[in-house]
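Residue-level structure breakdown
Each chain is listed here by its residues.
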Amino acid sequence: GENVEQHPSTLSVQEGDSAVIKCTYSDSASNYFPWYKQELGKRPQLIIDIRSNVGEKKDQRIAVTLNKTAKHFSLHITETQPEDSAVYFCAASILNQGGKLIFGQGTELSVKP
Amino acid sequence: DSGVTQTPKHLITATGQRVTLRCSPRSGDLSVYWYQQSLDQGLQFLIQYYNGEERAKGNILERFSAQQFPDLHSELNLSSLELGDSALYFCASSGTGLSNQPQHFGDGTRLSIL
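Some remarks on the environment of Gln 44 of chain B
All names here are of chain B.
- In this fold, Gln 44 is placed in strand E5 (residues 42-50).
- Residues Gln 44 and Ile 60 lie 16 residues apart in sequence; the distance between their C-alpha atoms is 9.2 Å.
- Dropping the residues within four chain positions of it, Gln 44 is found in contact with Trp 34, Tyr 35 and Gln 36.

If you want it as C-alpha cells, here you go:
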C-alpha cells in the first residue's frame, strides 16, 4: 500500500527565515497531496493542497511543489513567524481508492523570535 | 471552526468497555472519514463512508465498527477496549468522497482507557 515518508521530524528556525519540509510517496497513482497544520491539542487544519496535474501552488507565505517523477512534494514557508510553530503533516490520496489520506509522520516546526 | 462536529470531546472509561463516538459532517458534505491519532502511530486512517455506504477501509480493528446514517452523521463504535486504544479520534468530511477533495477535520474525541 501507499507509504508517505516525511522529513525532518523536527525543524527549528529563526523568525523571518524560511522553512522547508519534504515528503516522498510510494504509489504513483497518488493524485492529491494536502498539508495540515496541527497545534497542540487541536485538530489538523488544512493549509494548502496540490493535485497531481499541477507542479506548484502558492498561497501568501506558503507554497507547495510536486515532482511526480521523483514522487516527492515539499512545503515551503517563507518569512516564518512564531505563530507558525506547530506540527505539520503531509498526506497523499490515491486515485480510485476513495478519499483516504495516508499521512507522513509529522514535522514539529519551532520558530524562535 | 471547520463545521465538522464531534462529540463527546473527552471520554474516560475502563478496559473491556464499549464507547460510541459521534460525528456530524459539514453541511453539504456526503463523505465521512475516521482517523486515529496516537503518539507512536501518528494519524492513521480507519474507515470512510460516502452517503451511507462504506467506501474504504484502513487498518481498523475488528473490535471497531462504524456506520453512517441517512442524515449523514456517523458513529464509530469501539468495543472490548484495551489500554492501547487510548488516542485522539478524529472525524473528517469532504464533499464527494473522491480522492482529490479537501478533507476538513473536527476537533476530535480524546479517549482515555484506565
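Things to note about the state of the cysteines
Residues and elements named next belong to chain A.
- Under the criterion given, the structure shown has two disulfides over all chains.
- Sulfur-sulfur distance for the disulfide between Cys 23 and Cys 90 comes to 1.9 Å. Residues Cys 23 and Cys 90 are joined through a disulfide that is left-handed, its torsion about the S-S bond being -100 degrees. Linking Cys 23 in strand E3 (residues 19-25) with Cys 90 in strand E9 (residues 86-94), this pair joins segments that are 67 residues apart in sequence.
- On the accessibility criterion, Cys 23 (1% relative accessible area) is buried.

A look at the interface of chain B and chain A
- Contact residues are listed per partner, giving 23 residues for chain B and 21 residues for chain A.
- At the boundary of chain B with chain A, total buried surface from both sides reaches about 1700 Å², with 56% on carbon and sulfur atoms.
- Summed over the shared surface of chain B and chain A, the result is one salt bridge.
- Taken together, chain B and chain A are joined by six residue pairs in polar contact (both at pLDDT 80 or more).
- Looking at the side of chain B that touches chain A, the elements that each hand over two or more residues are strand E4 (31-38), E5, strand E6 (53-57) and strand E10 (104-105) of chain B.

Digging into the pairing of strand E4 (residues 30-38) of chain A
Residue and element names in this part refer to chain A.
- Here E4 lies mainly inside the structure; nine of its nine residues are buried.
- Where E4 meets E9, six bridges bridge the pair, whose relative direction is antiparallel. Pairing of Gln 38 across the sheet is with Val 87, part of E9.
- Inspection of the sheet shows E4 paired to strand E5 (residues 45-51) by six bridges, in the antiparallel sense. Its bridge partner being in E5, Phe 33 is matched across the sheet by Ile 50.
- Count of turn residues in the E4/E5 antiparallel hairpin: six residues, of which Gly 41 carries a positive phi of about 75 degrees.

Cut-offs used in this document
- Residues numbered from 1 in each chain as written.
- Chains lettered and ligands numbered in written order.
- Predicted model: local features only at pLDDT ≥ 70, side-chain atom pairs only at ≥ 80, totals over all residues.
- Heavy atoms only, no water.
- Helix = DSSP H or I, 4+ residues; strand = E, 2+ residues; numbered from the N terminus.
- Contact = heavy atoms within 4.5 Å.
- Disulfide = S-S within 2.5 Å.
- Buried < 20%, exposed > 50% of the residue type's maximum accessible area, 1.4 Å probe, protein only.
- Buried area = accessible area lost by both parts, 1.4 Å probe.
- Salt bridge = Lys/Arg side-chain N within 4 Å of Asp/Glu carboxyl O.
- Polar contact = N/O pair within 3.5 Å; in protein donor to acceptor, adjacent residues only side chain to side chain.
- Pairing = 2+ DSSP bridges.

Purely geometric stuff here, so don't read any function into it on its own.
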